[in-house]
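# Structural description and commentary
As a plain string of letters, each chain reads:
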Amino acid sequence: MERATASSGHLPVMYAQVLDGLRIVGDGAYLDGTFGRGGHARGVLAQLGPGGRLLVMDKDPEAIAVAEREFGADPRVAIFRGSFAALAGWDATASGLDGVLFDLGVSSPQLDVAERGFSFGKDGPLDMRMDPDSGESAAQWLARADEREIADVLWTYGEERQSRRIARAIVADREATPLLRTAQLAELIARVMPRGDSKIHPATRSFQAIRIFINRELADLELGLEAAMARLKPGGRLAVISFHSLEDRIVKRFIGARAKAPPANRRMPVEQAFTPSLRAIGGAIKAGDDETATNPRARSAVLRVAEKLGAQA
């Protein structure tokens, strides 16, 4: 969820672990598919020599503006606005990559700016789009979706147990007053399902679910992993930071399916040959106590690293 701001001294989540996992070489080519405010990218660039290459991508125009302002004059850097799902279509990746990083979720600036509509703690337009120039806003979707679709999204992407109850209330309330503000939606959810003794705001899961749906985050992740696999050179490293179980499950299964042979099937007359194309570098890596004490958002972060196998040129 957190990617460091350009002006702060705070490092992004698992900064040292990410740079170690990518195993940067001075003349290598690396892609940061979620630039945010450049915390990890800045660390990669610091380790590159004159022959190195850093490619940065982000859906968010504000992130791209920061990248162009800070790195636009560096001949080693190329910048592209768009989803990492399409990284293999970017000509700059055609010659192959030595490392790919995805730092999933929402960046701190997106959460902290009320006008982006990501946070139930700050009243703003109910938008939630990482790319504000593309697709429907959360308000537009909630205005047209039927009760069943809303409930399915809340359950599938937020694992919200009260999904049907919340969806029913959204459909009923919007008849009288359109849902246009984050505070409106947060108050509606809190009214439908009181917090009780829980320290977690009642709207937490619903906001997460709607954001993931609006931005096609899980679908983009699956496409992005395939694209990264296509562009990584043999020996290249893939590093992915996830912030909830749905993301991490996709990453874990992606690596596992390419690193380990599937279980034997007694119904198959001939055992299927399997050639691994990835090697998992350790297991799930989590932030240490010192980091989580200073950055609570790091508590849910999980880093997975894998290396592409095959003959190196």
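This text gives an overview of the structure that appears in the document. (Residues numbered from 1 in each chain as written. Predicted model: local features only at pLDDT ≥ 70, side-chain atom pairs only at ≥ 80, totals over all residues. Heavy atoms only, no water.)

### A word on empty space enclosed by the protein
On inspection of all chains with the given rule, the structure shows two cavities of 30 Å³ or more. Counted as a void, the second largest cavity has a volume near 40 Å³. Along its surface, the second largest cavity is lined by L22, Y30, L31, D32, V44, L54, G99, V100 and L101. Among the residues making up the lining of the second largest cavity, the classes are represented as seven nonpolar, one polar and one charged. (1 Å grid on protein atoms, 1.4 Å probe; cavity = no way out; pocket = protein on both sides within 12 Å on 5 of 7 lines; lining within 4 Å. Points joined across faces, edges and corners; volume = space filled by probe spheres on them. Nonpolar A, V, L, I, M, F, W, Y, C, P; charged D, E, K, R; others polar.)

### Here's the deal with the pattern of salt bridges
Pairs can form between side chains of opposite charge once their charged atoms are near each other. One pass over the structure, following the stated rule, counts 20 salt bridges. In this structure, the salt-bridge partner of D220 is K59, at a minimum N-O distance of 3.2 Å. With D220 in helix α10 (residues 217-231) and K59 in the loop between β2 (53-58) and α3 (61-71), this pair connects stretches of sequence that are 161 residues apart. Of the charged contacts, one joins D173 and R191 as a salt bridge, the two residues approaching to 3.1 Å between their closest N and O atoms. Separated by 18 residues along the polypeptide, D173 in helix α7 (residues 163-176) and R191 in helix α8 (residues 182-192) bring together distant segments of the chain. Because the salt bridges share partners, they merge into one network encompassing R23, R237, R279 and E307. (Salt bridge = Lys/Arg side-chain N within 4 Å of Asp/Glu carboxyl O. Helix = DSSP H or I, 4+ residues; strand = E, 2+ residues; numbered from the N terminus.)

### Looking at the pairing of strand β3 (residues 77-81)
Of the pairings in the sheet, the one linking β2 to β3 comprises five bridges and is parallel in character. For M57, the partnering residue across the bridge sits in β3 and is F80. Crossover handedness for the path β2 to α3 to β3: right-handed. (Pairing = 2+ DSSP bridges. Right-handed = clockwise from strand over helix to strand, strands pointing away.)

### Focus: the side chain of T34
Mapping T34 onto the fold places it in the loop between β1 (29-32) and α2 (39-46). Given a relative accessible area of 9%, T34 falls into the buried group. (Buried < 20%, exposed > 50% of the residue type's maximum accessible area, 1.4 Å probe, protein only.)

### Topic: the packing of α10 against helix α11 (residues 245-259)
Orientation of α10 relative to α11, taken along the N-to-C sense of each, is 30 degrees, at an axis distance of 10 Å. It follows from the interaxial angle that α10 and α11 lie roughly parallel. Considering how the two elements wind past one another, α10 and α11 form a crossing that is right-handed. Touching E217, L218, L221, E222, L225, E226 and M229 of α10 are L246, E247, I250, V251, F254 and R258, all from α11. Of the residues assigned to the contact of α10 with α11, the class counts are eight nonpolar, no polar and five charged. (Axes fitted to C-alpha atoms, helices over the stretch in contact; angles between N-to-C directions. Parallel < 35°, antiparallel > 145°, perpendicular 65-115°, else oblique. Left-handed = near helix turned anticlockwise from the far one by under 90°. Contact = heavy atoms within 4.5 Å.)

### Points about the packing of aromatic side chains
Across all of its chains, the model carries five aromatic pairs by this definition. By way of ring pairs, the aromatic residues W141, Y157 and F213 are connected into one cluster. Just above the ring of F254 sits the side chain of R258; from NZ or CZ to the centre is 3.7 Å. (Phe/Tyr/Trp six-rings, centres within 6.5 Å; stacked < 30°, edge-to-face > 60°. Lys NZ or Arg CZ within 6 Å of the ring centre and 35° of its normal.)

This is a description of form; function is not addressed.
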